[in-house]
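Survey of secondary and tertiary structure
The primary structure of each chain is shown beneath.
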Amino acid sequence: MEKNNNYLEIKNIEKSFGKVEVLKGISMSINRGEFVCFLGPSGCGKTTLLRIIAGLEELNNGNVILDDKEITKLSPAKRNLGMVFQSYALFPNMTAYKNIEFGLKAKRYKKDEIKKKINKILEMVDLIHLADKYPNEMSGGQQQRISLARAIALEPNILLLDEPLSALDAKVRENLRKEIKNIQKNMGITTIMVTHDQEEALTMADKIVVINGGEVMQIGTPEEIYTKPANRFVADFIGKINFFNDTKGESILIRPEELLYSEKEKVGYTQGEIIQIEFRGAFYRVSLDIGGEEVLLDLLSKEKKKLKLSLGEKLYIKLDSKEV
Ligand SMILES: Nc1ncnc2c1ncn2[C@@H]1O[C@H](COP(=O)(O)OP(=O)(O)OP(=O)(O)O)[C@@H](O)[C@H]1O
Ligand SMILES: [Mg+2]
């Protein structure tokens, strides 16, 4: 049994830069071994919050509690948290091996122990062959994996990642997502990753914290955030969504892939005109004009093949309830 499930607790964090309130009372708890993503638009305060957890930024109000111990005023070194940033931040004049060795030496591990640790970690990230390479001899993805290895080698209480994948191209990013997730799960290391990429958060996180304007909008699993968005901001930020008012005036949110449709007129369905058809690979996104409002409908490519859809055609949509 784990001794304490509620591993990191953040209570009512407030932070201002000058007169600008950047964090307006942020609270959450994070479980041991959990992979948490802070997700939100640029400038919403993600990095500031991460830096406060790391002890790199002072706060105006609130508490940070790690494993039942108050660490709000503790220096960064004493918190033993590993941080990886967007830019690789490796020492350019040191090989991959030396980069990882640096922190371990500072921690006064014995020489042979250091060697064992580094080899183990390099094996884990599958980069033994890069041990003697300098940063400028490595690709961006490789440098970022070494940065990660360097942080993990120190066995931090929590791994803090600030948009570690954002500087990489799409394919490398996708591979690294899986790799980071695997390493994290295998080691059971509690991880917080900042991102403004909703897909990254949905695919990697056990728990997503959606932040906007220095406030928590919603905390939940990727499925919860996607299927039961707490408010319009969350619904809009994570994927596409249609908003309708039903006959009682209550608003209904329906994802484009959840809309019921019919080629023929049908009771309870509303007529729309196709104004745009966008091919997205696995699916088509069809825009319909319904009484001057744009409504989006996603159709799987194989589903679309069965229909005769073209611009100006009519399609009938059920607006008031969704498929369950
Ligand atoms: N040292 C600082 N001095 C003054 N203002 C700051 C400082 N650091 C951050 N800010 C401001 O605080 C707000 C939040 O910044 P923060 O870097 O936390 O955002 P973010 O969510 O990480 O954004 P991004 O996705 O662009 O990295 C921004 O308006 C930023 O300009
Ligand atoms: Mg940031």
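Residues numbered from 1 in each chain as written. Chains lettered and ligands numbered in written order. Predicted model: local features only at pLDDT ≥ 70, side-chain atom pairs only at ≥ 80, totals over all residues.

The packing of two helices is summarised by the inter-axis angle and the distance between the axes. With their axes 9 Å apart at the nearest point, helix α3 (residues 96-106) and helix α5 (residues 140-153) run at an angle of 25° to one another. Judged on the interaxial angle alone, α5 and α3 are roughly parallel. The handedness of the crossing between α3 and α5 is right-handed. The residues of α5 that touch α3, namely those facing Ala96, Asn99, Ile100, Gly103 and Leu104, are Ile146, Ala149, Arg150 and Ala153. Residues belonging to the contact of α3 with α5 are distributed by class as follows: six nonpolar, two polar and one charged. (Axes fitted to C-alpha atoms, helices over the stretch in contact; angles between N-to-C directions. Helix = DSSP H or I, 4+ residues; strand = E, 2+ residues; numbered from the N terminus. Parallel < 35°, antiparallel > 145°, perpendicular 65-115°, else oblique. Left-handed = near helix turned anticlockwise from the far one by under 90°. Contact = placed C-beta atoms within 7 Å. Nonpolar A, V, L, I, M, F, W, Y, C, P; charged D, E, K, R; others polar.)

Around ligand 1, the structure places Phe17, Val22, Gly40, Ser42, Gly43, Cys44, Gly45, Lys46, Thr47, Thr48 and His196. In terms of residue count, helix α1 (residues 46-54) provides more of the shell around ligand 1 than any other element does, three residues in total. A breakdown of the residues in the shell around ligand 1 according to their chemical character gives three nonpolar, seven polar and one charged. (Near = placed C-beta within 6 Å.)

With that settled, consider the nonpolar core. Within the largest apolar cluster, 61 residues are counted, with the highest numbers of intra-cluster contacts made by Cys37, Phe38, Ala149, Leu160, Ile192 and Val210. With six residues, the single largest contributor to this core is α5. Excluding residues that lie within four positions of it along the chain, Ala149 makes contacts with Ile100, Ile121, Leu122, Val125 and Leu127. Membership of the second largest hydrophobic core comes to 10 residues, among which are Ile254, Leu259, Val286 and Leu299. (Core = buried A, V, L, I, M, F, W, Y, C linked by C-beta atoms within 7 Å. Buried ≥ 20, exposed ≤ 12 C-beta atoms within 10 Å, placed from the backbone.)

The next thing to look at is the packing of helix α4 (residues 111-124) against α5. The N-to-C vectors of α4 and α5 enclose an angle of 135°; their axes lie 10 Å apart at closest approach. Classed by the angle they form, the pair α4 and α5 counts as oblique. Where α4 crosses over α5, the handedness of that crossing is right-handed. From α4, Lys117, Ile118, Ile121 and Leu122 reach across to α5, where they touch Ala149, Ile152 and Ala153. Taken together, the residues that form the contact of α4 with α5 break down as six nonpolar, no polar and one charged.

Here the focus is unusual backbone geometry. Residue Arg108 is not a glycine yet carries a positive backbone phi of 65°. Look at Arg108 and you get exposed, because 7 C-beta atoms sit within 10 Å. The backbone phi angle of Glu155 is positive, close to 45°, even though this residue is not glycine. Inspection of the secondary structure puts Glu155 in the loop between α5 and β7 (158-162). On the basis of neighbour counts, which here come to 15 C-beta atoms within 10 Å, the residue Glu155 falls in the partly exposed class.

Turning to the domain arrangement of the protein, a few remarks are in order. Along its sequence, the protein is organised into domain 1 (6-234) and domain 2 (244-318). Placing a centre on the C-alpha atoms of domain 1 and another on those of domain 2 gives a separation of 40 Å. (Domains from an automatic or database assignment.)

Those residues of α3 that fall on the buried side of the exposure criterion are Ala96, Asn99, Ile100, Glu101 and Leu104. Lining the buried residues of α3 we find α4 and α5. A positive phi of about 65° marks Arg108, the residue just after α3.

As a further point, take the sheet that holds strand β1 (residues 6-17). The strand order β2-β1-β4-β5 describes an open sheet built from four strands, whose pairing is antiparallel. The sheet is open, and its two borders are formed by β2 (20-31) and β5 (69-70), each paired with just one other strand. Here five bridges tie β1 to strand β4 (residues 61-66), and the two strands are oriented antiparallel to one another. Counted as the bridge partner of Ile10 is Val64 from β4. (Pairing = 2+ DSSP bridges.)

Residues in a regular strand point their side chains to alternate faces of the sheet. When strand β15 (residues 283-290) meets strand β16 (residues 293-300), the two strands line up antiparallel, connected through eight bridges. Residue pairing across strands places Arg285 opposite Asp298, the latter belonging to β16. Taking the residues between adjacent antiparallel strands as the criterion, β15 and β16 are bridged by two residues, where Gly291 takes a positive phi near 55°.

So, about α5. Helix length check: α5, at 14 residues, gives a terminal C-alpha distance of 20 Å against a target of 20 Å (1.5 Å per residue), a fit within 8%. Across the 14 residues that make up α5, a large majority, 11, are buried. For α5, the full list of buried residues reads Gln143, Gln144, Arg145, Ile146, Ser147, Leu148, Ala149, Arg150, Ala151, Ile152 and Ala153. Tucked into the core, α5 has its buried residues touching β6 (81-84), α3, α4, β7 and α6 (170-187). Two residues or fewer after α5 comes Glu155, characterised by a positive phi angle close to 45°. (Expected span 1.5 Å × (residues − 1).)

Moving on to the sheet that holds β16. Across the sheet, which stays open at both edges, the five strands sit in the order β13-β17-β14-β15-β16 with antiparallel pairing between neighbours. Each edge of the sheet is formed by a strand with only one pairing partner; in this case those strands are β13 (260-262) and β16. On average, each strand axis in the sheet is inclined to that of its neighbour by 40°, with strand direction left out of account. Pairing between strand β14 (residues 270-279) and β15: six bridges, direction antiparallel. By the bridge assignment, Glu278 is partnered in β15 with Arg285.

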